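Structural features, examined
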Amino acid sequence: MSNNSGAWSSNVKFEDGQLTVAGLKASDLAREFGTPAFIMDEDDFKARASAFRNAMENNFESSLVYYASKAFTCKQVARWINELGLGIDVATGGELEVALSVNFPVERIEVHGNNKSLAEIDRAVEVSVGVIVIDSIQEIARVAAAAKKYGRTQSVMIRLNPGVEAHTLEAIATAHTDVKFGLSISSGVAWDAVLEIAKHQELELRGVHAHIGSQIFNMDGHRLTITRLLDFMARYRDEFNRELPDVDFGGGFGIVYTSDDSPIAIEDAVSQIKTAVVEGCAARNLKIPHVSIEPGRSIVGPTMFTLYEVG
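Model, not experiment: these values are computed from the prediction. (Residues numbered from 1 in each chain as written. Predicted model: local features only at pLDDT ≥ 70, side-chain atom pairs only at ≥ 80, totals over all residues. Heavy atoms only, no water.)

1. So, the packing of helix α7 (residues 189–197) against helix α8 (residues 220–240)
The axes of two packed helices give the description: the angle between them and the distance between them. Direction vectors running N to C along α7 and α8 enclose 40 degrees, while the axes themselves pass 12 Å from each other. Classified by the angle between their axes, α7 and α8 sit oblique to one another. In terms of crossing hand, the pair formed by α7 and α8 is right-handed. On α8, the residues that touch Ala-190, Trp-191, Val-194 and Leu-195 of α7 are Phe-232, Arg-235, Tyr-236, Glu-239 and Phe-240. The residue makeup of the contact of α7 with α8, split by class, is 7 nonpolar, no polar and 2 charged. (Axes fitted to C-alpha atoms, helices over the stretch in contact; angles between N-to-C directions. Helix = DSSP H or I, 4+ residues; strand = E, 2+ residues; numbered from the N terminus. Parallel < 35°, antiparallel > 145°, perpendicular 65-115°, else oblique. Left-handed = near helix turned anticlockwise from the far one by under 90°. Contact = heavy atoms within 4.5 Å. Nonpolar A, V, L, I, M, F, W, Y, C, P; charged D, E, K, R; others polar.)

Set out below in C-alpha cells:
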C-alpha cells in the first residue's frame, strides 16, 4: 500500500510486509550496506526544498530560502541545496566548512548561532559570507574587528526576540522574552544593537531576523512576529532615514511524528506570510523587503530514516 501518513518520504511504500523507498527494498538496502544504515531519499528532499523555493518565488518579487543545515548536513546535501538555488544557514564552524568544501557560493551562506566562537566569526568574515546574524551585543565588536582585519565591510542582520508564543513545546520555543536567543525588542537591547552597529563603519546592517521555535503547526506566531519586526523596521526608517532591505522570518514549520501532528501546507504557510508582510508594509508605508525563511527539519525530516536489523 502507499504511504499516506506524512511521516515518511513520499517515495516510501509498504507492500507485502516489506518497506520500499524509491522502489528499493529495505531488506536489499540492509544486505548491501549493513545495519544500522542511514537512508535518505534524494528525490523527496529535492521536491520539498523546491516546494519552499517555488512558493516564495510565487509570492515575493525578491526572496531566498535558506536551508537550515543544523537539521542535517553533509557534502551531498550542500550540493543539492546549491543545485536548487537555495541559500544555506550554518550555525557552527563545521557546518560552514561542509558548505565551503563543495564550493557553495559564499554570497548565499548565512552564519547564525547564539554562541559563535572568535574563530568561527573570523573564518566567516575571511571567506566573505553573505551575512552574519548578530545574536548578542558582544558579537558586534567581534564581527567588526574581524572585518577590519580583512579590510572589508561585512553585511549583518540582528536576530530579534519578538516576545512571541510559538504554540509549540516549551523546550523548543525560542522567542519568549526570557530566553537566551536573540535581542529583546521589549527590553530595548535590540535597539541598543542598532546604535552599536552604526558606530562601526566595517559593518552594514541589512535587516532583521527572528526564529520563534520548532514544530509549529499554525501561523499565529509567525504573523505576530512579522508585525513586530515590521514595527522595528519602521522605527529604523524613521530614525535613520533609510529602510532596511532584508528580513528573515526563520523556520520551525512542523512535520509529522505522530498521528496527532498536522503540518500546514507549504503554499499556505508562505501565502500567510505574504499577506502579513504586504498588509504590514502598507500600513507602515514601507517598501516590501527581500524576504527569507529558513526551513530545515521540514525539508529533511521526512526524507530520511535508519534501518536496524532485529533478531
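That covers the picture; the talk isn't over yet.
2. Section: the side chain of Asp-248
Note on placement: Asp-248 falls in strand β12 (residues 246–248). Within the buried core, Asp-248 has no salt-bridge partner, and the shortest N-O distance to an opposite charge, that of Arg-159, equals 9.3 Å. With sequence-adjacent residues up to four places away left out, Asp-248 is seen in contact with Tyr-66, Glu-110, Met-157, Val-208, His-209, Ala-210, Leu-229, Ser-292, Ile-293 and Glu-294. (Buried < 20%, exposed > 50% of the residue type's maximum accessible area, 1.4 Å probe, protein only. Lys, Arg positive; Asp, Glu negative; His and termini not counted. Salt bridge = Lys/Arg side-chain N within 4 Å of Asp/Glu carboxyl O.)

3. A word on the packing of aromatic side chains
One pass over the full model with this rule turns up 9 aromatic pairs. Relative to Phe-72, the ring of Phe-38 lies with its centre 5.3 Å away and its plane at 50 degrees, an arrangement referred to as tilted. Note that Phe-38 is positioned in strand β4 (residues 37–40) and Phe-72 in the loop between β5 (63–68) and α3 (75–83), a separation of 34 residues in sequence. Site record: aromatic cluster; members linked through ring pairs are Trp-191, Phe-232, Tyr-236 and Phe-240. The cationic tip of Arg-235 hangs over the ring face of Trp-191; the distance from NZ or CZ to the ring centre is 4.0 Å. (Phe/Tyr/Trp six-rings, centres within 6.5 Å; stacked < 30°, edge-to-face > 60°. Lys NZ or Arg CZ within 6 Å of the ring centre and 35° of its normal.)

4. Things to note about the environment of Tyr-257
Summarising the element assignment, Tyr-257 is placed in the loop between β12 and α9 (266–284). Between the C-alpha atoms of Tyr-257 and Ala-7, which are 250 residues apart in sequence, the distance is 6.0 Å. Discounting chain neighbours no more than four positions away, the residues touching Tyr-257 are Gln-215 and Arg-297.

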